[in-house]
Amino acid sequence: MNIKAICRFTSSLAGLLIAANAHAGPTLDAVKARGELICAVNGSRPGLSAVDSKGVWSGLDVDSCRAVAAAVLGDASKVRYVKTTTQTRLTVLQTGDVDMTAANTTWTMSRDVTTGLDFTPTTFYDGQGFMVNKSLGVSSVQELDGATVCVRPGSTSEEVATDIARKFNLNFKMIVIADQKEMNTAFFGGRCDVAVQSTAGLAANRAAAASNPDEWVILPGVFGKDPEGPIVRQGDPEWKDIVSWATYAMFEAEELDVNSRNVDEKRKESDSNIQRLLGVKGGLGSKLGLDDEWAYRIIKQVGNYAESFDRNLGKDSSFKLERGLNALWKDGGLLYSPPFN
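Being a predicted model, the structure only gives us computed values, none of them experimental.

1. A short note on the overall build of the chain
Then step 1. Helix and strand counts for the chain stand at 14 helices and 14 strands.
Then step 2. Its C-alpha atoms give the chain principal-axis dimensions of roughly 85 × 45 × 45 Å.
Then step 3. Expressed as a percentage of its 341 residues, the buried residues of the chain come to 52%.
Then step 4. Of the contacts made within the chain by residues no fewer than 6 positions apart, 71% connect residues no fewer than 24 positions apart.
Then step 5. Surface summary for the chain: the accessible area is close to 16100 Å², and the carbon and sulfur share equals 50%.
Then step 6. Here the chain contributes 37 positively and 42 negatively charged side chains, and the mean placements of these two sets differ by 3 Å.

2. Let's talk about the sheet that holds strand 2 (residues 44–45)
Then step 1. Strands sit in the order 2-3-4 across an open sheet of 3 strands; the sheet is antiparallel. A strand with exactly one partner marks an edge of an open sheet, and here the two such strands are strand 2 and strand 4 (57–58).

3. Overview of helix 2 (residues 26–34)
Then step 1. Considered for burial, the residues of helix 2 that qualify are T27, L28 and V31. End-on, the buried residues of helix 2 take up no more than an arc of 100°, which puts them together on one face. Residues of helix 2 that are exposed and angled more than 90 degrees away from the buried face: P26 and A33.
Then step 2. At its buried positions, helix 2 is contacted by strand 1 (37–41), helix 3 (60–73), strand 14 (231–233), helix 9 (237–255) and helix 12 (285–288).
Then step 3. Immediately beyond the C-terminal end of helix 2, within one or two residues, lies G35, with a positive phi of roughly 75°.

4. Here we look at the pairing of strand 8 (residues 124–133)
Then step 1. Extensive coverage of strand 8 is indicated by the burial of 9 of its 10 residues.
Then step 2. With 4 bridges joining them, strand 8 and strand 13 (residues 223–228) adopt antiparallel strand pairing. The partner of F124 across the bridge, within strand 13, is E228.
Then step 3. Note: strand 8 against strand 11 (residues 194–198), 5 bridges, orientation antiparallel. Following the sheet pairing, F130 is matched in strand 11 by V196.
Then step 4. In terms of strand pairing, strand 8 meets strand 12 (residues 216–218) through 3 bridges, oriented antiparallel. The residue of strand 12 that forms the bridge with M131 is I218.

5. Quick word on the environment of V68
Then step 1. Position of V68 relative to the elements: it lies in helix 3.
Then step 2. Measuring from C-alpha to C-alpha, the distance between V68 and T105 comes to 18 Å, with 37 residues separating the pair along the chain.
Then step 3. Residues contacting V68, with those up to four places away along its chain left out, are L37, L73, M100, W239, V243 and A246.

6. Comments concerning a nonpolar patch on the surface
Then step 1. The grouping of V222, L325 and L334 at the surface amounts to a nonpolar patch, some 220 Å² of accessible area in total.
Then step 2. Inspection of the secondary structure assignment puts V222 in the loop between strand 12 and strand 13.
Then step 3. Residue V222 is classed as partly exposed on the basis of its relative accessible area of 35%.

7. Overview of the nonpolar core
Then step 1. Counting 73 residues, the largest nonpolar core has L37, V72, W239, L277, W294 and I298 as the members making the most contacts within it.
Then step 2. At 10 residues, helix 3 tops the list of elements feeding residues into this core.
Then step 3. By size, the runner-up hydrophobic cluster in this structure holds 18 residues, among which are V141, V160, F172 and V194.

Cut-offs and rules
- Residues numbered from 1 in each chain as written.
- Predicted model: local features only at pLDDT ≥ 70, side-chain atom pairs only at ≥ 80, totals over all residues.
- Heavy atoms only, no water.
- Helix = DSSP H or I, 4+ residues; strand = E, 2+ residues; numbered from the N terminus.
- Buried < 20%, exposed > 50% of the residue type's maximum accessible area, 1.4 Å probe, protein only.
- Contact = heavy atoms within 4.5 Å.
- Areas by Shrake-Rupley, 256 points an atom, 1.4 Å probe, with all protein chains shown as cover.
- Lys, Arg positive; Asp, Glu negative; His and termini not counted.
- Charge placed at Lys NZ, Arg CZ, Asp CG, Glu CD.
- Pairing = 2+ DSSP bridges.
- Arc of directions from axis to C-beta.
- Patch = residues over 30% accessible without salt bridge, like charges linked within 9 Å, V, L, I, M, F, W, Y side chains within 5 Å.
- Salt bridge = Lys/Arg side-chain N within 4 Å of Asp/Glu carboxyl O.
- Core = buried A, V, L, I, M, F, W, Y, C linked by side-chain atoms within 4.5 Å.

Following this line, the structure appears as C-alpha cells:
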C-alpha cells in the first residue's frame, strides 16, 4: 500500500471512529433510558418558573426544559422539575441529580470557568429597570430628579440606582427596605416614586401586588447585564449541543414565521431554511443523535420563542413585559440563531 493509500485509509478510519463516537453522550443515553428529563428550576418565579395549585408548571425557563424533552423524548411533558434555590441550582447539576438547570441563573465569567458547568444560549436578557406610576408623567430615567426611590439593601438595584443618579446628575432620595413584601407595600402605596429591580421582578411585583397593574409602567432602558439561560455539565459536548440547538430552534422558528399553529402547513413550503429546520430535508437530526423531526416537535408542542415569551412574560401574560433586548436581532434585540445547515 502506497503512502497516499495509507493516508486515505487512515483518514477514512478516523472519520468512522468520530462518527461512531459522535452520539455516545452519557446524558442523552441516561435521559433516553429513564424516559424522563430531570430539570432544575426556581419554581417560585412566575413568568420564568412556577407551579400552580393543580401542579401545572409554566414559565420561560420551564419551556426550555419542555423543548429539550420534546426534542429528545418526543413529548414535552416528560419532565421532572426539581425546585432549587440560588444556593442549590448549580450544585444539583454538578452532582448529577439533574440533567440541566434552567433556574434564572446569570451567566458570569466565574460561574462559567470555575464550576465545571457550561452555559448554553441566553434565553432571557434581563437587567435592572425603573418602574413608576403613569401619573408621575415621566418617560425616561433622566426625568427622575428629586424622586424617592425604593431599593433592597446591598442589592444590585441599590448600586444601579446610585450609578444612574451619578451618571445623569440626579438627586435621589433612597428608601432602603429589606423585605420584598414591605417594599411592594411602600411602593404601590405611594411612599416611593420609583422602584428599582430586575425587569422580570418588577413585572412580577406589578402583576401580583398592584391593585391596578395598568397604572404602572417600566421605563425604557435596562441597566446592568443579567443574561440567563439553560446550563449543563462540562464534558458532555453532545448534550450541550442538544440543549443549545433546542433554544436556537425556537429563535429560528420565530424568524421564519413558523409557530405551533402553522408548523404543519409550513412543512409543505419549498423554503429550504424551513425544510431543514423542520426535518423535511437536510438530515440534521443525526448530527445531534436525534431523529429529523426533533425541532418540529419543539415548535409543535412548545412553540417558537415569541409564543413562549408572550404567554409567560409578554403581551399575553399578566406581566405585559416588552420584548426589548429579547427581541430577534432583526427587530433590534439580541436573539440570533446560527444557520441550520
